[in-house]
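Listed below, chain by chain, are the residues.
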Amino acid sequence: MEKLIYLVWTGADRAANEALALHQLAPDLLGLEPPQLSMNVADPAGDFALPLPPPTDDPAPELEVTLWLDTLDHRWPYEERLAELDARVAGYLVTESIPTEYGQSRWSGPRDWPDGQRSPGVLMLTLLERPERMTYQAWVDHWYGVQSPVSTAMQPRTRYVRNAVVRPLTGGAPPYEGIVEEAWPSRAHVEDPMLFYLADGDEDLLARNMTAMLDSVTGFLDLDRIRSTAMSEHLLKTWWPSRG
């Protein structure tokens, strides 16, 4: 199996983007019978304030389409349908690791909702570029060995998916080397620093946690090159069914 991610810049507002993604694109892609399909959608339900909003002149994508296929050689019907959107599309072959799955933290029980139903909470999609100052090995070592443990220790994530880019699949794709999906219990857990950094009302702890996070992030990323999007998660077809 190979995992493919397509980022789509629709340029649509959240309501129109939701209709486009879930009512037009999703049925067509499901009709192609992929082994697994999910979408993260910038829709009204996933609208929340980001810790680091993207600049207005370089917006983040409004849609992420994730496919699992037996081989990427079978991707062409999917790419043809995406091309019909008349939108900017960037595709990537990735390797996936999931340090935190639903039910593995105290902020979420195991998944108990069916395919096709919006996941609880909210999701933040973050796109990572490797700074020129770092080798790939040093960069990925910091991401996996430093940043992931630091953020896991001090943030209330319900699910954390790391996608390391193997190579782009479409021409002109931005040079992202990491695609991160982080699910949170609610928008308040992202918008309220006390909740986001698990400071529990303690201003000194908040300052320490924020400093530790900033030190870790700037140790392998340039802040002005990080792109994040506020979204909702839609698991449309999975091989790990809910327990509901």
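That block above? That's the structure.
Cut-offs used in this document
- Residues numbered from 1 in each chain as written.
- Predicted model: local features only at pLDDT ≥ 70, side-chain atom pairs only at ≥ 80, totals over all residues.
- Heavy atoms only, no water.
- Helix = DSSP H or I, 4+ residues; strand = E, 2+ residues; numbered from the N terminus.
- Polar contact = N/O pair within 3.5 Å; in protein donor to acceptor, adjacent residues only side chain to side chain.
- Contact = heavy atoms within 4.5 Å.
- Expected span 1.5 Å × (residues − 1).
- Buried < 20%, exposed > 50% of the residue type's maximum accessible area, 1.4 Å probe, protein only.
- Arc of directions from axis to C-beta.
- Patch = residues over 30% accessible without salt bridge, like charges linked within 9 Å, V, L, I, M, F, W, Y side chains within 5 Å.
- Areas by Shrake-Rupley, 256 points an atom, 1.4 Å probe, with all protein chains shown as cover.
- Salt bridge = Lys/Arg side-chain N within 4 Å of Asp/Glu carboxyl O.
- Phe/Tyr/Trp six-rings, centres within 6.5 Å; stacked < 30°, edge-to-face > 60°.
- Lys NZ or Arg CZ within 6 Å of the ring centre and 35° of its normal.
- Pairing = 2+ DSSP bridges.

Once that is clear, we can look at the side chain of Arg157. When you line up the elements, Arg157 lands in the loop between helix H3 (136-154) and strand S6 (159-168). Only 2.8 Å separates the side chain of Arg157 from the side chain of Thr152, close enough to count as a polar contact. Those residues in contact with Arg157, other than ones at most four positions away along the chain, are Thr100, Ser105, Trp107, Ser148, Ser151, Thr152, Glu182, Ala183 and Trp184.

For the rest of this paragraph, the subject is helix H6 (residues 203-218). Relative to the 22 Å expected for 16 residues at 1.5 Å per residue, H6 spans 22 Å between its end C-alpha atoms, a close match to the ideal helical length. What H6 keeps buried is the set Leu206, Asn209, Met213, Ser216 and Val217. Taken around the axis of H6, the buried residues stretch over an arc of 100°, which confines them to a single face. Structural note: H6 exposes Glu203, Asp204, Arg208 and Asp215 on the side pointing more than 90 degrees away from its buried face. Near the N-terminus of H6, the side chain that reaches the backbone nitrogen of Asp204, with its oxygen 3.0 Å away, is that of Asp202.

The next thing to look at is a nonpolar patch on the surface. A grouping of Leu52, Leu214 and Leu223 is seen on the molecular surface, where their side chains present a nonpolar patch of about 230 Å² in accessible area. Within the secondary structure layout, Leu52 lies in the loop between strand S2 (36-41) and strand S3 (63-69). For Leu52, a relative accessible area of 33% corresponds to the partly exposed category.

This part covers the packing of aromatic side chains. Inspection of every chain in the model, using the stated rule, returns nine aromatic pairs. Note on Tyr102 and Trp113: the rings are 4.9 Å apart at their centroids and 80° apart in plane angle, and the pair reads as edge-to-face. Highlighted residues: Tyr102 in the loop between strand S4 (88-100) and strand S5 (122-128) and Trp113 in the loop between S4 and S5, separated in sequence by 11 residues. In terms of burial, Tyr102 and Trp113 fall into one category: buried. Taking 5.3 Å as the distance between ring centres and 55° as the angle between the ring planes, the aromatic pair formed by Trp139 and Trp143 counts as tilted. With Trp139 and Trp143 both in helix H3 and four residues apart, the pair spans about one turn of that helix. Both residues of the pair, Trp139 and Trp143, belong to the buried class. In textbook terms, an aromatic cluster arises when at least three aromatic residues are bridged by ring pairs, as seen for Tyr136, Trp139, Trp143, Tyr144 and Phe220. One Lys or Arg, Arg75, reaches over the ring of Trp76 and ends 4.0 Å from the middle of that ring.

Counting buried positions over the seven residues of S3 gives seven, a clear majority of the element. With seven bridges joining them, strand S1 (residues 2-9) and S3 adopt antiparallel strand pairing. The residue bridging Leu4 from the neighbouring strand is Leu67, located in S3.

This part is about the pattern of salt bridges. In the structure shown here, the tally under the stated rule is 15 salt bridges. Across the pair Glu79 and Arg75 runs a salt bridge whose closest N-O atoms are separated by 3.1 Å. The exposure class of Arg75 is buried, given its relative accessible area of 9%. Where Arg187 meets Glu191, a salt bridge forms, and the shortest distance between an N and an O atom there is 2.9 Å. For Arg187, a relative accessible area of 42% puts it in the partly exposed group. Bridged by salt links that share partners, the residues Asp58, Glu129, Arg225 and Arg227 form one connected network.

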